[in-house]
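Remarks on the overall topology
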Amino acid sequence: MRKFGLTFFCFILILSATGCGSSSADPSGSNGQNSNKKVTLRVSWWGEQQRHDYTMKVIELYEKKHPNVTIEAEFGNWDDYWKKLAPMAAASKLPDVIQMDTPYLFQYGEKDQLEDLTHFINDGTIDIQSIDKNAISGGMIHDKLYGFTLGSNVLSVITNDKMINESGVVLDDENWTWDEFEKIAVDIHKATGKYGTNGMSPADVFFPYYLRTKGEHFYNEDGTGLGYSDDQLFIDYFNRELRLIDEAAFPTPDVQSQIKGNEAEFIGKGNAAMTWNWSNQYLGFAQSANSTLSIKFPPEHANERALFLRPSMFFSIPKSSKQKQEAAKFINFFVNNVEANKLIKGDRGVPVSSKVLKQIKPKLTEEETKIFDYVEKASNYASKEDSPSPLGSAEVIMILKDISEQILFKKITPEVGSKMFREKAEEILQKNQ
């Protein structure tokens, strides 16, 4: 499961609902281009049962408003999703609408497998009158829009309030340091016998955040190599994780890998007091937990303005699709239709449309409102997201995951791992230039 860059200026424009003018498009998403021609669209996404359920309701709503359209849904968990997508891409049989994640967006886009969505914006099929242009820039690579942003996310530490209080620890998330985070996790374990925190997995999300708190970046600006030069940063990061494992405040990778879905997560079962995740994951945890949860800032977020507003995920259209215009209409509906977003409720990130945001926020539950408020608050501290993941980044991530597991299983030291990672990552990035 993936828990798994917008600027503060862009986000405030969205939250303030100022927009760029009122939309003349049909609110149903058809944009005045109704047709009686029968159309079948394949739409694919990854996620858990909750996401599958409401997405099917959105699809039913779309089909009701567009009786000529039949949508075939294709979905699965994170790992299975990408395994199935690769052979479909090789056979030019990708679904008409594909949910995309940042590293894969670059990979598929650079291989010329995705359609540039710009002309669908220019012809009004995808209406962005209530969406600031900066809000969709995260899906742009070399002046081509390969993915339309579905929402905004921020990294967070989600806490079990009861366990925090019972442990007697003081968690000041506005100012806490990495050392304080480590001590709190250990103190929680000593007081409760449970994990202080989850496994901070995947490493390709949380290690780059750690680098940002130190004023460094994962990739360099042109994507030709790693962005940090001092391997001690890598060593320090993984040494901290090893100490937490030794203190039993942190699960080993084999224990972490057994977690399948929000319902089984440590924090939901009361087996950990903290979990590192994207803000949109909060609702799933809150619904499965037996205690009140809160969303807090991760350590040292303010030092280097390390937080950033990230596109949660994208919808893309493959070049192989024979229904590109209809696919674009569905994307427009997904991001701009208020009824649809009352069903989505920010699960794919805080909506990018100011009109949608304004209309659905008053109808949110207390738990759903916490996500929107956290993202709004985080925007006060956020800085620009790192440059788009370069070609080869998916390979780099797999290397980092493999080396991370070897370190945490104590097969290699962080010192050895840091050198292995740099050598292999630099080789991949150079090869793909």
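Scroll up a little and you will see the structure.
Criteria and thresholds
For every chain, the first residue of the written sequence is number 1, and numbering continues from 1 onward in sequence order. For a predicted model such as this one, the threshold for reporting local features is a pLDDT of at least 70, and the threshold for listing and counting side-chain atom pairs is 80 or more; totals across whole chains, interfaces and linings nevertheless cover every residue. Based on all heavy atoms of the structure, the side-chain values leave hydrogens and waters out of the count. Only DSSP runs of H or I covering at least 4 residues are called helices, and only runs of E covering at least 2 are called strands; the numbering of each starts at the N terminus. It is over C-alpha atoms that the radius of gyration is taken, and the globule rule equals 2.2 Å times the number of residues to the power 0.38. Note on classification: 1.4 Å probe, protein chains only; a residue is buried when its accessible area is under 20% of the maximum for its type, exposed when over 50%, partly exposed between these limits. Values of accessible area rely on a 1.4 Å probe in the Shrake-Rupley scheme; residue burial ignores everything except the protein chains shown. Charged residues are defined narrowly, with Lys and Arg counted positive, Asp and Glu counted negative, and His plus the chain ends left uncounted. Here the site of a charge means atom NZ of a Lys, CZ of an Arg, CG of an Asp or CD of a Glu. Strands are treated as partners if at least two bridges between them are detected by DSSP. Consider the strands pointing away from the viewer: the crossover is right-handed when the path from the first strand over the helix to the second runs clockwise. Note on geometry: axes are C-alpha line fits, over the in-contact stretch for helices, and angles between N-to-C directions span 0 to 180 degrees. Each angle is binned into one of four classes, with values under 35 degrees roughly parallel, values over 145 roughly antiparallel, values of 65 to 115 roughly perpendicular, and all other values oblique. In what follows, a contact means two residues having at least one pair of non-hydrogen atoms within 4.5 Å. Residues are grouped as follows: Ala, Val, Leu, Ile, Met, Phe, Trp, Tyr, Cys and Pro are nonpolar; Asp, Glu, Lys and Arg are charged; all remaining types, including Gly, are polar. The definition of a polar contact used here is a pair of N or O atoms within 3.5 Å, where within protein one atom must be able to donate a hydrogen and the other to accept one, and adjacent residues in sequence count solely through side-chain atom pairs. Residues belong to a common nonpolar core when they are buried Ala, Val, Leu, Ile, Met, Phe, Trp, Tyr or Cys residues joined through side-chain atoms within 4.5 Å. Take the residue count of a helix, subtract one, and multiply by 1.5 Å to get its expected span.

**Notes on the overall build of the protein chain**
Within the protein chain, the regular secondary structure consists of 17 helices and twelve strands. Since a compact globule built from 433 residues should have a radius of gyration of about 22 Å, the 21 Å found for the protein chain is in line with a globular shape. Overall size of the protein chain, expressed as C-alpha extent along the three principal axes, is 65 × 50 × 35 Å. Within the protein chain, the fraction of its 433 residues that count as buried is 58%. Roughly 17,600 Å² of accessible area belongs to the protein chain as shown, and the carbon and sulfur atoms make up 48% of that amount. Counting 49 positive and 60 negative side-chain charges, the protein chain places the averaged centre of each group 5 Å from the other.

**Points about the pairing of strand β2 (residues 69-76)**
Across eight bridges, strand β1 (residues 39-46) lies against β2 in parallel orientation. For serine 44, the partnering residue across the bridge sits in β2 and is glutamate 74. Running through helix α2 (residues 49-65), the crossover from β1 to the neighbouring parallel element β2 is right-handed.

**Overview of the packing of helix α16 (residues 393-408) against helix α17 (residues 414-431)**
With their axes 10 Å apart at the nearest point, α16 and α17 run at an angle of 170° to one another. The angle between α16 and α17 places the two elements in the roughly antiparallel class. Along the contact surface, α16 presents Glu395, Val396, Ile399, Leu400, Ile403, Gln406 and Ile407, while α17 presents Pro414, Gly417, Met420, Phe421, Lys424, Ala425, Ile428, Leu429 and Lys431. Classifying every residue of the contact of α16 with α17 by side-chain character gives eleven nonpolar, two polar and three charged.

**Things to note about unusual backbone geometry**
A positive phi is found at serine 92, a non-glycine position, where the angle reads about 55°. Structurally, the position occupied by serine 92 is in the loop between α3 (78-90) and β3 (97-100). You will see that lysine 345, though not glycine, has its phi angle at about 55°, which is positive. With respect to the secondary-structure elements, lysine 345 resides in the loop between α13 (338-344) and α14 (354-360). Under the relative-accessibility criterion, lysine 345 is labelled partly exposed at 30%.

**Comments concerning the sheet that holds β2**
Spatially, five strands are ordered β2-β1-β3-β12-β6 in an open sheet, and the strand pairing comes out mixed. Both outer strands of the open sheet, β2 and β6 (148-149), are each paired with one neighbouring strand and no more. Looking at chain direction, β1 and β3 are connected through two bridges and run parallel. Paired with valine 43 across the strands is valine 97, a residue of β3. Each of β1, β2 and β3 touches α2; the most contacted strand, β2, lies at about 170° to it. This element, helix α12 (residues 324-336), spans β1, β2, β3, β6 and β12 (314-316) of the sheet and lies at about 50° to β1.

**So, the environment of glutamine 406**
Within the element layout of this structure, glutamine 406 appears in helix α16. As a C-alpha pair, glutamine 406 and proline 253 span 153 residues in sequence and 9.4 Å in three-dimensional space. If near-sequence neighbours (up to four positions away) are discounted, glutamine 406 is found in contact with Lys411, Ile412 and Met420. A polar contact is formed between the side chain of glutamine 406 and the side chain of aspartate 402, at a distance of 2.9 Å.

**Describing the environment of alanine 394**
Turning to its location among the elements, alanine 394 is positioned in helix α16. Taking relative accessible area as the criterion, alanine 394 reaches 16% and is therefore assigned buried. Taking the C-alpha atoms as reference points, alanine 394 and proline 103, 291 residues apart in sequence, are found 5.8 Å from one another.

**A few points about the nonpolar core**
Of all hydrophobic cores here, the largest spans 75 residues; its most connected members are Phe234, Met274 and Phe421. Discounting residues that sit within four places of it in the chain, phenylalanine 234 has contacts with Phe207, Tyr228, Leu400, Ile403, Ile407, Pro414, Gly417, Ser418 and Phe421. Core analysis: the next-biggest nonpolar cluster, separate from the first, contains 54 residues, Tyr62, Phe106, Leu150 and Ala328 among them.

**Remarks on α12**
End to end, α12 covers 18 Å across 13 residues, agreeing with the expected 18 Å (1.5 Å per residue, within 8%). For α12, the tally of buried residues reaches eleven of 13 residues, placing the bulk of the element in the interior. Listed as buried for α12 are Glu326, Ala327, Ala328, Lys329, Phe330, Ile331, Asn332, Phe333, Phe334, Val335 and Asn336.

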